[in-house]
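# Fold and contact review
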Amino acid sequence: MTPSYLELVCPAGTPASLRAAIDAGADTVYCGFRNCTNARNYPGLNFDQDELVEGIAYAHERGRKVLVAINTFPRAGDEKPWHQAVDNAAEARADAIILADIGVLDYATRHQPSMRRHLSVQASAANALSIAFYRDHFDVKRVVLPRVLSVEDVAALIKETGMETEVFAFGSVGPMSEGRCFLSSYMTGLSPTSEGVCAPASHVAYKEDGDCIKSCLGCVTLNKFSKGEPAPYPTPCKGRYVTHGQASYLFEEPIGLNAIDILPQLKAAGVTALKIEGRQRSRAYVAEVVGAFRKALDGLAQGNTESSTNDLKNIAEGGRETFGAYKKGWR
Amino acid sequence: MKKTTTKTKKAASRLTLGPLFFHWPAEKRRDFYFRIADEADIDSVYLGEVVCSKREPFFEDFLPAVTARLRAAGKEVVFSTLALVTSEREMKAILRRVEEGFLIEANDVACLQALKDKPHVIGPFINVFNESSRDFLIRNKAKRIVLPVEIPAASIKTVAGGSKVETEVMVFGRQPLSVAMRCYHARSHGLNKDSCQFVCGQNPDGLQTQTVDGQQILTVNGTQTMSHGYAVLLEELASLQKMGVTHFRLSPQDIDMVETARLYRAVLNKTCAPDEAEIKLKTLTADVPFVNGFLHGREGLAWVQGT
Amino acid sequence: MQQNHLPTPLARAAMRVIPASVLQRMIDALMRGMRQSHPRLFSNLERLDAAVVRIEPSDLPHNFTLAFGHGETSLTVTSSKDSVCSARLKGKLAALLDLLEGRIDGDMMFFSRSIEITGDTSVMVALRNTIDREEINLLDDVTALFGPFARPARHVASLIDKVGQRMKERIQEINEERSPDAQPAKAECDAMRAEVQALKTRLAKLEVRRQRTEVSSQ
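Cut-offs applied
- Residues numbered from 1 in each chain as written.
- Chains lettered and ligands numbered in written order.
- Predicted model: local features only at pLDDT ≥ 70, side-chain atom pairs only at ≥ 80, totals over all residues.
- Heavy atoms only, no water.
- 1 Å grid on protein atoms, 1.4 Å probe; cavity = no way out; pocket = protein on both sides within 12 Å on 5 of 7 lines; lining within 4 Å.
- Points joined across faces, edges and corners; volume = space filled by probe spheres on them.
- Helix = DSSP H or I, 4+ residues; strand = E, 2+ residues; numbered from the N terminus.
- Contact = heavy atoms within 4.5 Å.
- Buried area = accessible area lost by both parts, 1.4 Å probe.
- Salt bridge = Lys/Arg side-chain N within 4 Å of Asp/Glu carboxyl O.
- Polar contact = N/O pair within 3.5 Å; in protein donor to acceptor, adjacent residues only side chain to side chain.
- Nonpolar A, V, L, I, M, F, W, Y, C, P; charged D, E, K, R; others polar.
- Pairing = 2+ DSSP bridges.
- Domains from an automatic or database assignment.

With that settled, the discussion passes to empty space enclosed by the protein. By the definition in use, this model includes 15 cavities of 30 Å³ or more. Roughly 920 Å³ of volume is contained in the largest cavity. Together, 47 residues line the largest cavity, and Tyr42, Cys198, Tyr233, Thr235 and Gln280 of chain A are the ones closest to its centre. Broken down by secondary-structure element, the contributors of at least two residues to the lining of the largest cavity are helix 7 (183-188) and strand 8 (204-209) of chain A together with helix 5 (106-111), strand 5 (115-120) and helix 6 (121-132) of chain C.

Structure (structure tokens):
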């Protein structure tokens, strides 16, 4: 079962980005509330209820969809904000909610049964049995697959489960199993899993060190780079570490994921939707990336399987691109 | 001798030995467990490979003897599964263990689907941060829940306190901080996971990394990234007991684990003061720093002195 | 085609020669205007934690201090590099204007190192995200300062940009035609410079007429 149409799912950190994504040709936009219920809880970012209602109206008037990510893990004894977020998304008539925590999935299944549920990448469901578990218990309709699978793995999973899948097409490489990475909280005390912030800006510092710039997270030095050298995000997995007497990007290089040249393969694998990452990035990024993918997908729909030339390299992390785990040998 | 008394003392705290994260030679691994069976005051032992399925075949032949010896010594044996399951082969291996009748520690949600209605342990790699996820998993036949290493005391109080089942917390050892598909151990040698030559076997306590400023923060173990510091929650044992935590996990390191278990047991039994045990533990752990930040709601690498 | 953003060469040229005190008056007027055209931006900025950001355009003699949070927002011209601030943002004026108008992605500029951030990064992230929520067009806000003369001012600005663009292209052409180290024809450059100068004068006159109208209407 190969879907004839690849849905383009795009990020919006702000209402302005939501409009930019839709104007640039997004089929679907995903966003989150302005609190710890979503995994991009950065200052000045995200939507309040009124903004969400307006954003959904803007999308629906144009026949597009809006998904709401409620994809962090509630703190014990303080689950109300997550339950409220589920109810608010339903009230705003979002097209689906993206969830990760088993408790939140359980709440949504019982209290908002008609609200379509997607499984977030934060749930780290990378195999057929896990996917079946979430489908059987929470009637999950779509799974966002972790960024650790090859195209062959993706195809096999879809064949075995028959589930709708959404895969990352552009953004970070994310080498760790998401939703279960405690590296950033080990250095800062703030958690990506429960507070929605990886490498919180409050703990990031850039210091001049002679001719170099040093990036620090909490009290840990992540990297030192000379002027003009490409800089990665200041996350622990993109730091330089010394092993066997040599400093290297032990986990991942400063490089961005871009699957624009393997869209025909992803389509053939049976993927339903392509996800662009970057709710923390600007609307200029959103417009540029969404525009490029819209063009490539329209070309593909007309049977043009030639890889389109793309100019997204500059906008990618570190100014370089990779197919990440999609190509065997990455691991 | 000790087993008979634990039945009558219903609320007695249990000491457990978590799964070995490191790739030790099979004989060393076997002898380690034999000694645990013969000498260690430990109630439950978790066997099984959590980090990398490529390592699994090495220990397979020794598993029956080790299991038998541990059970003969009155210890509960639990089989821990992989933290990240992706291949068909890995899923089949889990199904086989379930059929063999082992009590399973599920570290990937895949296991829950495979286990259906069989009682099981929820491992620390399945996120249980709150009471709703706890309650769902209990309804799904979890008989014990091992909490994730990141969870702070305030949450443990709620999750363990109101639980109808046993709660386990890791109180000693390098904290597992992330799992991945990519093998960083291999990468550090210029290899990849498929051509790894099992270089992770060269570092029985993990591969030490340093930041470009020479700080020791992270340790690499195959596809797993761990804290450099050993988590040491001796000072906190009494308050964890009060919160309702029933099981206390020691994670195997390449040090004298029998002696480590003895120190923890003494503090649990209140026959040794925690600060005294800490000093003795220091003599076993060389220059590896102690950490306990996560429990105190701080950055994990912090060391908060006992109050 | 109508020019749709503020021509950077013009802004840079103007700010290079204008004394700080005059620039400050212009900025005050611009901020008053923007407060009217983007009320939400200002209320969002004022909702943030109080912070001071120093903006250092590397190709200008001036620095700017942006203070926001706790119910206030102000932008002042400074020359000192040592005043206390929460964070510093360094880069070419063109890059900074692109950032302000949301034409270009801040992370990308950071990756490529065309802007530099030091100090409290959370302050910069909050500011960047708050500004990015608004669709700002600085040319609209600047030309709005010209009141009834907004349209002619916009036209002049657009002409300056076009001439500047032509000059750039011509220089490139000449460089390609000749050996790489040869200079463009001096006469040609002088002519273009003169044209730009004339346009700038026209713009300045419009500004004076606007001020006069303002005075007479008070």
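Let's pick the thread back up.
Another point: the interface of chain A and chain B. Counting residues at the interface gives 64 residues for chain A and 68 residues for chain B. Ranking the residues of chain A by area buried against chain B places Arg180, Tyr186 and Arg331 of chain A at the top, with a combined share of 18%. Counting across the interface, chain A meets chain B through five salt bridges. Joining chain A to chain B, the criterion identifies 36 residue pairs in polar contact (both at pLDDT 80 or more). Breaking the side of chain A that touches chain B down by element, the ones donating at least two residues are helix 4 (102-111), helix 5 (128-138), helix 7, strand 10 (220-226) and strand 11 (241-243) of chain A. When residues of the side of chain A that touches chain B are assigned to their parent elements, the largest contribution, nine residues, is made by helix 5 of chain A. For the side of chain A that touches chain B, the class distribution of residues is 30 nonpolar, 20 polar and 14 charged. The sheet contact formed by strand 11 of chain A and strand 9 (residues 210-211) of chain B spans two bridges and is antiparallel. When the sheet's bridge partners are listed, valine 242 of chain A is paired in strand 9 of chain B with glutamine 210 of chain B.

The next point concerns the domain arrangement of chain A. Residue and element names in this part refer to chain A. Splitting chain A by domain gives domain 1 (7-173 + 255-326) and domain 2 (183-248). Measuring from the centre of the C-alpha atoms in domain 1 to the corresponding centre in domain 2 gives 26 Å. Contacts between domain 1 and domain 2 engage 16 residues on the former and 12 residues on the latter. Interface of domain 1 and domain 2: buried area, both sides summed, is about 1100 Å²; carbon and sulfur atoms make up 47% of it. Run the count over domain 1 and domain 2 and you get zero salt bridges. Seen at the junction of domain 1 and domain 2, the total is four residue pairs in polar contact (both at pLDDT 80 or more). For the side of domain 1 that touches domain 2, the per-class residue count stands at six nonpolar, six polar and four charged.

With that settled, the discussion passes to the side chain of histidine 185 of chain B. All names here are of chain B. When you line up the elements, histidine 185 lands in helix 9 (residues 184-188). Among the polar contacts listed, one links the side chain of histidine 185 to the side chain of asparagine 203, at a separation of 2.8 Å. A distance of 3.0 Å separates the side chain of histidine 185 from the backbone nitrogen of glycine 222, its partner in a polar contact. If we skip the residues at most four places from it in the chain, histidine 185 touches Val199, Cys200, Asn203, Leu207, Val220, Asn221 and Gly222.

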